[in-house]
Amino acid sequence: MAIQWFPGHMHLTKQVITERIKAIDVVIELLDARLPGSSANPMLAQLTASRPTLKVLNKQDMADPLRTAPWLTHYNSQPGTRAIALDSSDTAAAQRLIASCRALAPLRGGMVKPMRVLICGIPNVGKSTLINSLVRKRAAKAADEAGVTKAEQRISLADDFYLYDTPGMLWPRIIVAKSGYNLAASGAVGRNAFDDEEVALELLDYLKGPYADRLQARYKLSEVTGLSDDELLTEIGRKRGALQSGGRVNTQKAAELVINDFRTGQLGPITLETPEEFDLWLAAGQKLDAERQVKKDAIELNRLIKFKKIPRPPRAPNTDTRQDPSQDQSQDTSSDALTPDETQP
Ligand SMILES: Nc1nc2c(ncn2[C@@H]2O[C@H](COP(=O)(O)OP(=O)(O)OP(=O)(O)O)[C@@H](O)[C@H]2O)c(=O)[nH]1
Ligand SMILES: [Mg+2]
């Protein structure tokens, strides 16, 4: 089942950012370098479109450098976008962002026109960690859990330079199913909003392609590619002693173990998507979503007609002068005259 997580505090954050953006000079959007496509929030892109934006592919230390490079090229080739990769706990590297912000808004600075920078992104991506590195002290609470920052917070970097930390935000409908799984694997989705086994199986399904050797090495497996995802998870559970009574593998425990290994970098630097793969997933998700919308519209139209909220649309003029009773019947089976049964999703 597709993963969705948009609790009330994210709805509130959306409203706060909508207001705040009016008094912001530069936006720093943090992406997760392990999932640079899936972690780009389309709703944030809309909310912040009016301001110069710097995309930071954060947690680069955990991502595959061979894949980070093409992602940077991908984002830097988009008009009005500048992207860099970062490990936000690296204070010296983070500090260089200050100069980047000044370059993006050269007219800001000084007490009269202080620089105002909004830091935003998905949950648990490292926003508060970056702020702490920028101000060189623990000014914002940071921890390895989605939803640590609960409300917007203003932090002064200098008298003429303010940073706004915001709570992590996803978006109301994640139409790329694979993005939902990758976001969950990364730790951006609340614990109760996904099934560990489902996420671990999707993760293994991907990893056994480009990162089969890592799985083999970590779990001491003789082969990986010939196994189904279920077999692979079971085998990992067996090797790592995730067993229940009777010696059977506890697949829930095995799934938690795999997800934790990915999150803590035990499998080595990994990136779960390339720009080309993400483009394909996005196109498929958009197509599916458009089909779903057409179906939904037909259901709604049928409901409105049925309950006489709107008149039935006039039929197309009959250009055939012969009287043909079958003509009427065929019109009644058109999409705007679906029976309630036909319109069930
Ligand atoms: N390896 C690595 N870990 C990082 C990096 N940046 C942040 N982290 C870790 O990621 C976890 C989440 O960091 P936070 O700064 O709390 O993330 P956030 O985006 O503020 O999270 P919310 O407030 O919950 O939305 C913490 O355990 C950080 O130590 C990084 O660049 N590399
Ligand atoms: Mg935070």
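Reading guide: rules and limits
Residues numbered from 1 in each chain as written. Chains lettered and ligands numbered in written order. Predicted model: local features only at pLDDT ≥ 70, side-chain atom pairs only at ≥ 80, totals over all residues. Axes fitted to C-alpha atoms, helices over the stretch in contact; angles between N-to-C directions. Helix = DSSP H or I, 4+ residues; strand = E, 2+ residues; numbered from the N terminus. Parallel < 35°, antiparallel > 145°, perpendicular 65-115°, else oblique. Contact = placed C-beta atoms within 7 Å. Nonpolar A, V, L, I, M, F, W, Y, C, P; charged D, E, K, R; others polar. Buried ≥ 20, exposed ≤ 12 C-beta atoms within 10 Å, placed from the backbone. Pairing = 2+ DSSP bridges. Right-handed = clockwise from strand over helix to strand, strands pointing away. Near = placed C-beta within 6 Å.

1. A look at the packing of helix α9 (residues 229-239) against helix α10 (residues 251-263)
At step 1: At their nearest, the axes of α9 and α10 sit 9 Å apart, and the two run at 90° to each other. If you check the angle between α9 and α10, you find them roughly perpendicular. Residue-level inspection shows Leu233, Thr234, Ile236 and Gly237 of α9 in contact with α10, the latter providing Thr251, Lys253, Ala254, Ala255 and Val258.
At step 2: Class assignment for the residues of the contact of α9 with α10 results in 5 nonpolar, 3 polar and 1 charged.

2. Topic: the pairing of strand β2 (residues 53-58)
At step 1: Counting buried positions over the 6 residues of β2 gives 5, a clear majority of the element.
At step 2: In this sheet, β2 lies alongside strand β1 (residues 26-32) in parallel orientation, the contact comprising 6 bridges. For Glu29, the partnering residue across the bridge sits in β2 and is Lys55.
At step 3: Considered for its hand, the β-α-β crossover made up of β1, helix α2 (residues 42-47) and β2 is right-handed.
At step 4: Note that β2 and strand β3 (residues 81-86) share 6 bridges and pair parallel. Note that in β3 the partner of Lys55 across the bridge is Ala83.

3. Re the site of ligand 1
At step 1: The environment of ligand 1 is formed by 23 residues, the closest being Gly126, Ala142, Asp144, Thr149 and Gly168.
At step 2: By residue number, the principal contributor to the shell around ligand 1 is helix α5 (residues 127-135), which donates 3 residues.
At step 3: Counted by class, the shell around ligand 1 contains 8 nonpolar, 10 polar and 5 charged residues.

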